[in-house]
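Chain and residue survey
Below are the chains, spelled out letter by letter.
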Amino acid sequence: MKIMPTRIGVPFLSRRRDNPSDSAALGSSPTRLSPLSHSLDEAAEGSSPAVLKKSSASPARTGFSRFSPHRSTGDVDATSGLYLATSRAAAIAATATSTRPTVVQPRRPWRKLLYIKQEYPDDYVDDTFLMELQKNANVRMYDYSTVVIQTTVITQHLSSIMIFISVFINLYRGSLTGKTLVWCSSISTVLGFVFWDILNMYLRTPEQRIVRLNLIKGAMLFALLLFGLSPILRTLTEDTSRDTIWAMTVIFFGVNLAFHDYSTGNLTNIRFPGSVSLNAAVLASVLLASQLNNNLSVFAFLSFALKWFALFPIFRRYLKRISDAASMATTMVLALMATALFMYINKAVALLHIFSSLFITFVCPLWLIWVQRYKNEIHGPWDEARPIVHRYFH
């Protein structure tokens, strides 16, 4: 068995026996390598392991004859050893190159600035993002007694609507005359203004006084205009069915109750949404006045409506502003008056008014305080920035 070189210097074993004549011809004299063999050996030393492996796997593709007479067995062994040493050194160098650690440059720290191009995506946040999270920062914790006092304004307005409807029913049935209503409303208005002036003098708040002369002039002009329009307003809805009138009246009073100004800061004029509430009440009053029998009743009812829905709410706000006890007393008086007037009209409505007033005044504050514990308001860096403007006056 002989070791024969291939084209790239990879030896292989030949199972063919040596020719005796060739062996005798060669003898023991040393054999010189041809220049082509030297070039192949040099090429084998610089070849990669992958090429060597491929060449060794296909020994049949060789340019030399399997029985080359130009190389001896010793020369082939030396060439094979040199090739194996070169292949091992190349494999070790490739392994060292592949396992060499790569140096990664550290990134610059992230900054919360959108106008600077950074090495981070647009939605990137660091570990300090949730450190600015605030829960229930602006949540106001309510006290039961405070909430009860604040709900009295709703009960007062609901009771005033019930009183106004009971006055219309008595006028409609004939239990109350227009003359009596005019006198009662006028005396109540005068007493209210006197009480207002006494409180202003006692509390020394002249900036809250209303100019009486202008008010008296405006009231007289409006009363004359309303008295002249009473016949027209009485026949305004003759062609409209009463069921439609009652339904529209309920809707307008619902709008009045929903858009009423329940704050205590407005004491001199009527602003939005209180203007919507007043207009709805006036429309409901006109619809109800068109169902009355005589012009005096229409005039008395509309003048009472304007005093009841325009002036009386301002007086109630003034009482609540100066004293919570006075506001509570007013609430109780109005609720009892509405219940007493409706007891002679419809007991079921009177009882419903009592239960609704108690529910609004005492149960709803408990409900609000109970649901307050489930409130979860969060603030953080994702909120809009609110600029702080400093004003300097010289």
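Residues numbered from 1 in each chain as written. Predicted model: local features only at pLDDT ≥ 70, side-chain atom pairs only at ≥ 80, totals over all residues. Heavy atoms only, no water.

Description of helix α9 (residues 242-258)
What counts is decided by this rule: Secondary structure elements are taken from DSSP: a helix is a run of H or I of four residues or more, a strand is a run of E of two residues or more, and numbering for both begins at the N terminus. Between the first and last residue of a helix there are one fewer steps than residues, each counted as 1.5 Å, and that sum is the expected span. Partly exposed describes any residue whose relative accessible area lies between the buried limit of under 20% and the exposed limit of over 50%, with all areas from a 1.4 Å probe on protein chains only and scaled to the type maximum. What the arc measures is the spread of directions leading from the helix axis to the C-beta atoms. Should any heavy atoms of two residues lie within 4.5 Å, those residues are considered in contact.
The terminal C-alpha atoms of α9, which comprises 17 residues, lie 24 Å apart, in line with the 24 Å expected from a rise of 1.5 Å per residue. Burial in α9 covers these residues: Ile-245, Thr-249, Phe-253 and Asn-256. Each buried residue of α9 sits inside an arc of 65 degrees when the element is viewed along its axis, so together they form one side. For α9, the exposed residues lying more than 90 degrees away from the buried face are Asp-243, Val-250, Ile-251 and Ala-258. If you follow the buried residues of α9, they end up packed against α6 (152-173), α10 (274-289) and α11 (295-322).

Here's the deal with the packing of aromatic side chains
Condition: For this analysis, a ring pair means two rings from Phe, Tyr or Trp (six-membered ring only for Trp) whose centres lie within 6.5 Å, classed as stacked if their planes differ by under 30 degrees, edge-to-face if by over 60, and tilted for the remaining angles.
Enumeration according to the criterion identifies 18 aromatic pairs in this entry. Taking 6.0 Å as the distance between ring centres and 70 degrees as the angle between the ring planes, the aromatic pair formed by Phe-164 and Phe-253 counts as edge-to-face. Placement of Phe-164 in helix α6 and of Phe-253 in helix α9 is noted, with a sequence separation of 89 residues between them. Since its relative accessible area comes to 0%, Phe-164 is described here as buried. For Phe-253, a relative accessible area of 6% translates into the label buried.

Quick word on the layout of surface pockets
Worth spelling out the cut-off: Site definitions follow a grid-based scheme: protein atoms alone, a 1 Å grid, a 1.4 Å probe that fits but cannot get out for cavities, and for pockets an open set with protein on both sides within 12 Å along at least five of seven lines, plus lining residues having an atom within 4 Å of a point. Grid points are joined across faces, edges and corners, and a volume is the space filled by probe spheres set on the points. Each residue is assigned to one of three groups, with Ala, Val, Leu, Ile, Met, Phe, Trp, Tyr, Cys and Pro labelled nonpolar, Asp, Glu, Lys and Arg labelled charged, and all others, Gly among them, labelled polar.
The calculated volume of the second largest pocket comes to roughly 440 Å³. Around the second largest pocket, the lining comprises 18 residues; the ones closest to its centre are Trp-110, Arg-111, Lys-112, Leu-113 and Leu-114. Grouping the amino acids of the lining of the second largest pocket by side-chain chemistry returns 10 nonpolar, two polar and six charged.

What to know about the packing of α9 against α10
Formally: A fitted line through C-alpha atoms serves as each axis, taken over the contacting stretch for helices, and the angle formed by two N-to-C directions is quoted from 0 to 180°. By the definition adopted for this analysis, an angle is roughly parallel if under 35 degrees, roughly antiparallel if over 145, roughly perpendicular if from 65 to 115, and oblique otherwise. For a crossing to be left-handed, the near helix must be turned anticlockwise from the far one by less than a right angle; the clockwise case is right-handed.
Contact geometry for α9 and α10: axes closest at 8 Å, N-to-C directions at 160 degrees. Considering the angle they form, α9 stands roughly antiparallel to α10. For the pair α9 and α10, the sense of crossing is left-handed. When α9 is examined against α10, the residues Ile-245, Trp-246, Met-248, Thr-249, Phe-252, Phe-253, Val-255 and Asn-256 are found in contact with a partner set consisting of Val-276, Ser-277, Leu-278, Ala-280, Ala-281, Leu-283, Ala-284, Leu-287 and Leu-288. Looking at the contact of α9 with α10 residue by residue, the class counts come to 14 nonpolar, three polar and no charged.

Observations regarding α10
For α10, with 16 residues, the first-to-last C-alpha span of 22 Å sits near the 22 Å given by 1.5 Å per residue. Of the positions making up α10, those classed as buried are Gly-274, Ser-277, Leu-278, Ala-280, Ala-281, Ala-284, Ser-285, Val-286, Leu-287, Leu-288 and Ala-289.

All we've got here are geometric facts, nothing functional implied.
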